[in-house]
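Next come the chains, spelled out residue by residue.
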Amino acid sequence: MSKKEEFDVDKEIERLARKSNIDIRGSEYSFENRIKKLDKEIDKMLDMKIKDFDENKKLKSDYLNIDYKQDTIDRYREKLKKI
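What you are looking at is a predicted structure, and each value in this text was computed from that prediction instead of being measured.

Visitor: Before we go on, may I ask you to explain a nonpolar patch on the surface in this structure?
Guide: The grouping of Phe31, Ile35, Leu38, Ile42 and Leu46 at the surface amounts to a nonpolar patch, some 480 Å² of accessible area in total. With respect to the secondary-structure elements, Ile42 resides in helix H2 (residues 9-64). A relative accessible area of 47% places Ile42 in the partly exposed class.

Printed below as a string of structure tokens:
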């Protein structure tokens, strides 16, 4: 018999199916890892934005809480009058 006649179709289909399954699982694993990395990056960016918001809010509250003394205000008034 020649090699063409010895070719077993069922074994070849099984081999290709096994290879395809391995490739599909590898692709799924890669996709899941990319999604996890994206989720981590999104969480990191959200945390940074929240932190920046809190810092800006704190700066505003610090500015509003500056305590001016009366003598400081009087000095500024005198300087303005001279101008």
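Visitor: So what exactly am I meant to see when it comes to a positive patch on the surface here?
Guide: Residues Arg34, Lys36, Lys37 and Lys40 make up a contiguous surface patch of positive charge. Lys37 sits in the exposed class, given a relative accessible area of 57%.

The rules behind these values
Residues numbered from 1 in each chain as written. Predicted model: local features only at pLDDT ≥ 70, side-chain atom pairs only at ≥ 80, totals over all residues. Heavy atoms only, no water. Patch = residues over 30% accessible without salt bridge, like charges linked within 9 Å, V, L, I, M, F, W, Y side chains within 5 Å. Areas by Shrake-Rupley, 256 points an atom, 1.4 Å probe, with all protein chains shown as cover. Salt bridge = Lys/Arg side-chain N within 4 Å of Asp/Glu carboxyl O. Helix = DSSP H or I, 4+ residues; strand = E, 2+ residues; numbered from the N terminus. Buried < 20%, exposed > 50% of the residue type's maximum accessible area, 1.4 Å probe, protein only. Lys, Arg positive; Asp, Glu negative; His and termini not counted. Charge placed at Lys NZ, Arg CZ, Asp CG, Glu CD.

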